[in-house]
Each structure stands twice: as structure tokens, then as C-alpha cells.
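Chains, contacts and geometry: an overview
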Amino acid sequence: MRLTGGDTTEILEKAPAKLNLLLDTPFHHADGSEEWDMVLTSVDLADLVTIKTLGRNGRIKVMTDTGFLPNDRRNLAYQAAALLANTYHRKEAVNITIEKHIPVAAGMGGGSADAAAVLRGLNRLWSLNLTPAQLCELGLKIDADVPYCVWSQTAHVTGRGEQVEPLPELPPMWLVIAKPQTSVSTPSILRQINYGRLEHASTPHLLAAIHASDYDGICQATANVLTPITARRYPVVQRLKTQMLRFGADAAEMTGTGPTVYGICRKRSRAQRVANGLAGFCREVYVVRPVRLGAAVQLSEAPCSTED
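The rules behind the values
Residues numbered from 1 in each chain as written. Predicted model: local features only at pLDDT ≥ 70, side-chain atom pairs only at ≥ 80, totals over all residues. Heavy atoms only, no water. Helix = DSSP H or I, 4+ residues; strand = E, 2+ residues; numbered from the N terminus. Rg over C-alpha atoms; globule rule 2.2 N^0.38 Å. Buried < 20%, exposed > 50% of the residue type's maximum accessible area, 1.4 Å probe, protein only. Contact = heavy atoms within 4.5 Å. Areas by Shrake-Rupley, 256 points an atom, 1.4 Å probe, with all protein chains shown as cover. Disulfide = S-S within 2.5 Å. Phe/Tyr/Trp six-rings, centres within 6.5 Å; stacked < 30°, edge-to-face > 60°. Salt bridge = Lys/Arg side-chain N within 4 Å of Asp/Glu carboxyl O. Core = buried A, V, L, I, M, F, W, Y, C linked by side-chain atoms within 4.5 Å. Pairing = 2+ DSSP bridges. Axes fitted to C-alpha atoms, helices over the stretch in contact; angles between N-to-C directions. 1 Å grid on protein atoms, 1.4 Å probe; cavity = no way out; pocket = protein on both sides within 12 Å on 5 of 7 lines; lining within 4 Å. Points joined across faces, edges and corners; volume = space filled by probe spheres on them. Nonpolar A, V, L, I, M, F, W, Y, C, P; charged D, E, K, R; others polar.

1. What to know about the overall build of the protein
Counting its secondary structure elements, the protein contains 10 helices and 13 strands. For the protein, the C-alpha radius of gyration of 19 Å lies close to 19 Å, the compact-globule estimate for 308 residues. Overall, the C-alpha framework of the protein stretches about 60 × 45 × 35 Å when taken along its three principal axes. Relative to its 308 residues, the protein shows a buried fraction of 55%. Within the protein, contacts between residues at least 6 apart in sequence are counted, and of these 76% link residues at least 24 apart. Approximately 13,800 Å² of the protein is accessible, and the part contributed by carbon and sulfur atoms is 48%.

Written out as C-alpha cells, the structure reads:
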């Protein structure tokens, strides 16, 4: 949605949550950052980000409907606006309002999704005509998940997060998301990785299943190599996985570094049954479907990459 009046222009961007259908890390780089090998999808649980620019010199303001998020330079949406303004010498005031629906500290990329929404929105408002690849390159300066969130569709993500290869739509499925009250520190989980003992996932099997629109194959290949690490410290993760399978999910896995767990179901009725069964175990439970915003960022573009 885009509204224009006088010297003020306003745009509304959806910022969908992301889930890891697969998460693996083959090795550490010399600088200590992780090499990623991930398959991500976006779901119809989304923040709503309203971006308003005023045609005069001003500052960036971020407002949210929750008291849990900072509204200054610590906020990734703020960082996205500042990065574009500084890079392209824009002096307009920018007001960003975030209506939160994605759980906070859930491993679902809420902050990165908001930042990507700001990059997409300001790219249009300021007529910068940046390609998705250029937005990905900028996004990587903010957070490793931002390049994927620029696309917000099922994709194979590698490198430090900057290599994003869009994939075909998933076959029809429903996802049950359960976010326990536990908060997980991503850096603390990553510090516990022992690459000598890590059991790596089979990315080729999942990619083949997606290309074949093979629902059963997707369920069998879903994996997250960090789940055992997080579950040792936060047993609720394994309990939620066990309960989801018990109530009828065809697969269950953790997303990101946790603590959120999702289950995959072929039909909505089964997904709702799983969600109802989790009511006594978890307060935040959502039944969602995969979505794609790819059409909004020019699907004809080549895959995102900051490499030559």
C-alpha cells in the first residue's frame, strides 16, 4: 500500500517470519563467523511495517506497539533506514511504525524481517531502483538473516547469509508454530558448536524434495543441527517436538537457534488438532502457511549474492 499527500509519502510493508526447514553450518570462517547452509521459508505470520518519509531534513524515528523492543540504533529497522540514508545521501525524516505479530527472541527473524521491509519500502519511496542483489548486500551489513528476508520466499541460503537462491513453491502444507516462554541467546548457542562432533544435515535431499514438490520427502529431510545443542540447555525444545509428533504432525523441528519449534501437517484440520493439543504445553501457538513475497522484489533477478 502506498499513500502520497503533500511532501509526505507513506508505504506499508509486510515483514513475514521465517522458519528453517534445514539449518547446517559446515565450518567456521577465520574471523569466527559461521558458514551457513540453510533452507528457509516464510510464513503468513508477519509484522506490519509502516514507513513514512517527510520531505524535509529530519531524523529517523521508530515506534512499536510493544515495550520489548528498542526504538533507537539498536533496532534493526532503524539501522536499515540509517544505512540507506547514509549510503544514498538522503536527508528526509523517516518515521517507522512496527505492529508486532512475530514473537520476539523466537528464532523467527522478526527484527531482520522488519529491517528488510524498511529496505524494500525506502527503495520504492526514494526511487532508488536497487536490485534485490543490491538490497541483499546492504542487508548483510545489518544482520545475516536480512538478505533472506529481502526475498521472503522459500530459498537455499549459503555463505554468511548473503547467498540467496530462490526455490520453487512448497507443496500444500500447514505449519504449527509453538514459541515457549524461554529466551535463547544465539551467541551462546553458537559458541557451543563442536564441529568435530556435529552431525550434518542432507541439504541435497531436501532441495530435491522441494523441486519435486514431494511433501513426504520434505518432512523426512527437515533438520536443524543446532537442535541437540539448544535442547540440552532448554529441554522444552525436545518436549515440544515430541508432543507435536504425538499429536499428529508429520515432522517437527526447531527453527534457528530456538526456542521456537514447528510441526508440518498436510491438512489444516490436522494442524489445528496439533495446535489444540499443545495448548497445555505452550501459550504462544500459531497455525500458518508458507508465503512468498518474491514477486514484490522482481523474481526475474538473478539469485542474491555479494560475490562477483
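And the narrative resumes.
2. Focus: the state of the cysteines
In total, this model carries 0 disulfides according to the counting rule given. Here Cys-265 stays unpaired: no disulfide links it, and the sulfur of Cys-219, its closest cysteine neighbor, is 8.4 Å away. Residue classification places Cys-265 among the buried positions, given a relative accessible area of 0%. As a non-bridged cysteine, Cys-282 has Cys-265 as the owner of its nearest cysteine sulfur, 15 Å distant. Residue Cys-282 is classed as buried on the basis of its relative accessible area, which comes to 5%.

3. Quick word on unusual backbone geometry
A cis geometry characterises the amide bond from Gly-258 onward to Pro-259, with omega recorded as 10°. On the secondary structure map, Pro-259 appears in the loop between β10 (251-254) and β11 (261-265). Phi at Ser-213 takes a positive value of approximately 55°, unusual for a residue other than glycine. With a relative accessible area of 42%, Ser-213 lands in the partly exposed category.

4. Focus: the packing of aromatic side chains
Counted according to the given criterion, the structure contains 1 aromatic pair. With a centroid separation of 6.3 Å and 55° between ring planes, the pair formed by Phe-247 and Phe-281 is classed as tilted. Residue Phe-247 is found in the loop between α9 (236-246) and β10, and its partner Phe-281 is found in the loop between α10 (268-277) and β12 (284-288); the two are separated by 34 residues along the sequence. Taking the relative accessible area as the measure of exposure, Phe-281 reaches 45% and is therefore partly exposed.

5. Concerning the environment of Asp-216
You can see Asp-216 is positioned in helix α7 (residues 215-221). Relative accessible area serves as the criterion here: at 41%, Asp-216 is assigned to the partly exposed category.

6. Some points on the environment of Ala-201
The topology assignment puts Ala-201 in the loop between α5 (186-190) and α6 (203-211). Taking the C-alpha atoms as reference points, Ala-201 and Met-38, 163 residues apart in sequence, are found 9.5 Å from one another. Each residue touching Ala-201, except ones within four places of it in the same chain, is listed here: Leu-22, Asp-24, Ala-223 and Val-225.

7. Here's the deal with the pattern of salt bridges
Close approach of charged atoms allows side chains with opposite charge to pair. In the structure shown here, the tally under the stated rule is 11 salt bridges. A salt bridge links Arg-160 to Asp-31, with the nearest nitrogen and oxygen atoms 3.4 Å apart. Residue Arg-160 is located in the loop between β6 (155-159) and β7 (163-166), and its partner Asp-31 is located in the loop between β2 (8-24) and β3 (36-57); the two are separated by 129 residues in the primary sequence. What makes Arg-160 partly exposed here is its relative accessible area of 34%. On the basis of relative accessibility, which here comes to 57%, the residue Asp-31 falls in the exposed class. For the salt bridge of Lys-241 with Glu-253, the shortest nitrogen-to-oxygen distance reads 3.6 Å. Highlighted residues: Lys-241 in helix α9 and Glu-253 in strand β10, separated in sequence by 12 residues.

8. Thoughts on the nonpolar core
Among the nonpolar cores identified, the biggest contains 101 residues, and Ile-96, Val-118, Leu-122 and Met-244 are the most heavily contacted of them. In terms of residue count, helix α1 (residues 76-87) provides more of this core than any other element does, 9 residues in total. When near neighbours in sequence (up to four residues on either side) are disregarded, Met-244 contacts Val-176, Ile-177, Ala-178, Ala-249, Ala-252, Val-261, Tyr-262, Gly-263, Val-274 and Leu-278.

9. Observations regarding the sheet that holds β12
Pairing is antiparallel across the open sheet formed by 4 strands, whose spatial order is β10-β11-β8-β12. In the strand order of this sheet, the two ends are held by β10 and β12, each with one partner. Put simply, the sheet's adjacent strands are angled 20° from each other on average, direction ignored. Of the pairings in the sheet, the one linking strand β8 (residues 174-179) to β11 comprises 5 bridges and is antiparallel in character. Across the sheet, Trp-174 pairs through a bridge with Cys-265, a residue of β11. Most of the contacts of α10 go to β8, to which it runs at about 15°, and overall it touches β8, β11 and β12.

10. Details of the layout of surface pockets
Approximately 930 Å³ is the volume attributed to the largest pocket. Residue lining of the largest pocket: 36 residues in total, with Gly-109, Ser-112, Asp-143, Asp-145 and Thr-186 positioned closest to the centre. Mapped onto the lining of the largest pocket, the elements with two or more residues apiece are β2, β3, α2 (110-125) and α5. Taken together, the residues of the lining of the largest pocket break down into 16 nonpolar, 12 polar and 8 charged. If you add up the space inside the second largest pocket, you get close to 280 Å³.

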